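One-letter residues, chain by chain:
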Amino acid sequence: MRRLAAPLAALAVTLALAAPTLACGGLIGPNGAVNLLRTTTLAGYHDGVEHYVTAFEFAGGGGSFGSLTPLPGIPTSVVRGGDWTLQRLVRETDPPPDFLAFAGAASARDSAIVLQEVRIDALDITILQGGGAEIGVWAKEHGFSLPPDAPEVLDFYASRSPIFMAASFDADAAAERGQAIGDGTPVHLTIPTRNPWVPLRILGLGKSAGEIVQADVYLLTDLRPALLPDPGSKLAAGGMQLAHSGVASDALLADLRSDKGMEWIPASAWLTKVEVDASAIDLRFDLAIDASGAGQPSLRDAGLEPFGPLPAPPSPTPLWIVLLAAVLLVPVGGAWLVAGAMRNGGGRPLAGA
Amino acid sequence: MPVLRVRSAAAALLLLAGLAAGCTPAAATRVEIRIHYSHFGPTAISVPHGVPITFVLISEDPIDHEWLLGDAAFHERHRTGTEAQHGARPNEISLPPLATIETTLTFDSPGTLQFICHFPAHEKYGMVGTLTVT
């Protein structure tokens, strides 16, 4: 598998330039300039444990930048991710023509509570627990410059899961480490949870209503998952498509299993790829996943239950009525979160003169 | 546009002076403006001229905001400004996260002003309100 490293690195750079942005954390730099190329995400789920793998890529420049990512639970470990897991997934679902032959060869074989602090390469990662206001204050005190939609978005997540991952990316340190533009730092979080969900609304943080959010989300589950919103449905507002759904190949699973920290990969799994291509104002939900086989992804996990649990209906209510009601109740307007660590010790954005 | 005379301590002194002289001073008016999810509430306020108006600015947000009150030319200057902190002038207030700040102003004539937060992207996000002086 090590043979893959060089071509995959080249692929990563190419994708960074040509492919949709892949992200599952809010990214922002001083005054809103996003300097991280992308993050790529895998939400794997096996034996009641979510394996959340994402990567931060260095896009050049100096200073510090950050990211806030809502999590479904408290991680039991935060470690450097494997070297090729995310790239291998991209290759599985979007193989460039000149890559096909190679694939064949490979298959032959503060007040928020600080829970954890981990340094991975040029990333300082902090796992936080707290309400939206507490997380926001912690972020400000640690140099993050939050955009105006952050208060609403932080509450949106904290009301469901008060766990966040703050990642501060020191571009100067990355440059000193010799990281080249496009080099990624993978991060692997192990999170026990009853069912995984993937934060999507956070991708629009700091974006204006009409800005387009693009992301690729890979899911690896024991069974074919049920998703909410269902990609392609009206509930997804046309901003989400099911790009791949099928039994994961033995070659893929073997390759993933051979990467660092990926021993958990089961003998068989279902691979799903969801492509997000939505305007920020429409992306007001997350991706709920029922990986149990029960086929009942949670409205709450999808962020479509803003006013508390729905009362039990007196008679069976068709699911589409519930979903339609949820859509109508979701307030329109706003956008979504990212945090940017400010240069030089947390300077604030410029105010009026 | 109304003439905006800002007096916080000065307003209290004038009030005391008026009482001492046996005059009946105009009653001070308190106006509460909340900031929630980076929006002012209410966004349309009407106050009389000639009396001290105390604005109680309550930020429920965990991020920095500012409340800058003035006419179009005033806001145009602030859109391109570089002053990171306000506070020396009662119509220019910086609000730290979750802060409550009071400021008192007196308007000498009727007219219309706007209050805006000029942090990057905040005005576009909707942090704009209108103050009508009658």
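Summary of the structure given here.

Criteria and cut-off values
- Residues numbered from 1 in each chain as written.
- Chains lettered and ligands numbered in written order.
- Predicted model: local features only at pLDDT ≥ 70, side-chain atom pairs only at ≥ 80, totals over all residues.
- Helix = DSSP H or I, 4+ residues; strand = E, 2+ residues; numbered from the N terminus.
- Buried ≥ 20, exposed ≤ 12 C-beta atoms within 10 Å, placed from the backbone.
- Pairing = 2+ DSSP bridges.
- Axes fitted to C-alpha atoms, helices over the stretch in contact; angles between N-to-C directions.
- Core = buried A, V, L, I, M, F, W, Y, C linked by C-beta atoms within 7 Å.

Observations regarding the overall build of chain A
The helix and strand inventory of chain A stands at 9 helices and 17 strands. For chain A, with 353 residues in total, the buried portion stands at 51%.

Notes on the pairing of strand β10 (residues 184-192) of chain A
Residue and element names in this part refer to chain A. A large share of β10 lies buried, amounting to 7 of its 9 residues. In this structure, strand β5 (residues 77-80) lies alongside β10, joined through 4 bridges in antiparallel fashion. Bridging across to β10, arginine 80 finds its partner in valine 187.

Brief notes about the sheet that holds strand β9 (residues 111-116) of chain B
Residues and elements named next belong to chain B. Taken together, 5 strands build an open sheet; the order of strands is β4-β10-β9-β6-β7 and the sheet is mixed. Edge positions in the open sheet fall to β4 (44-47) and β7 (92-95), since each of these has one partner strand only. On average, adjacent strands in this sheet sit at an angle of 20° to one another, irrespective of strand direction. Note: β4 against strand β10 (residues 128-133), 4 bridges, orientation parallel. Each residue of the ladder has a partner; that of isoleucine 45, found in β10, is leucine 131.

Focus on the nonpolar core
The biggest cluster of nonpolar side chains holds 80 residues, and the ones touching the most others in it are Ile135, Phe164, Val217, Val276 and Leu287 of chain A. With 21 residues, the next largest nonpolar core counts Ile53, Ile93, Phe107 and Phe115 of chain B among its residues.

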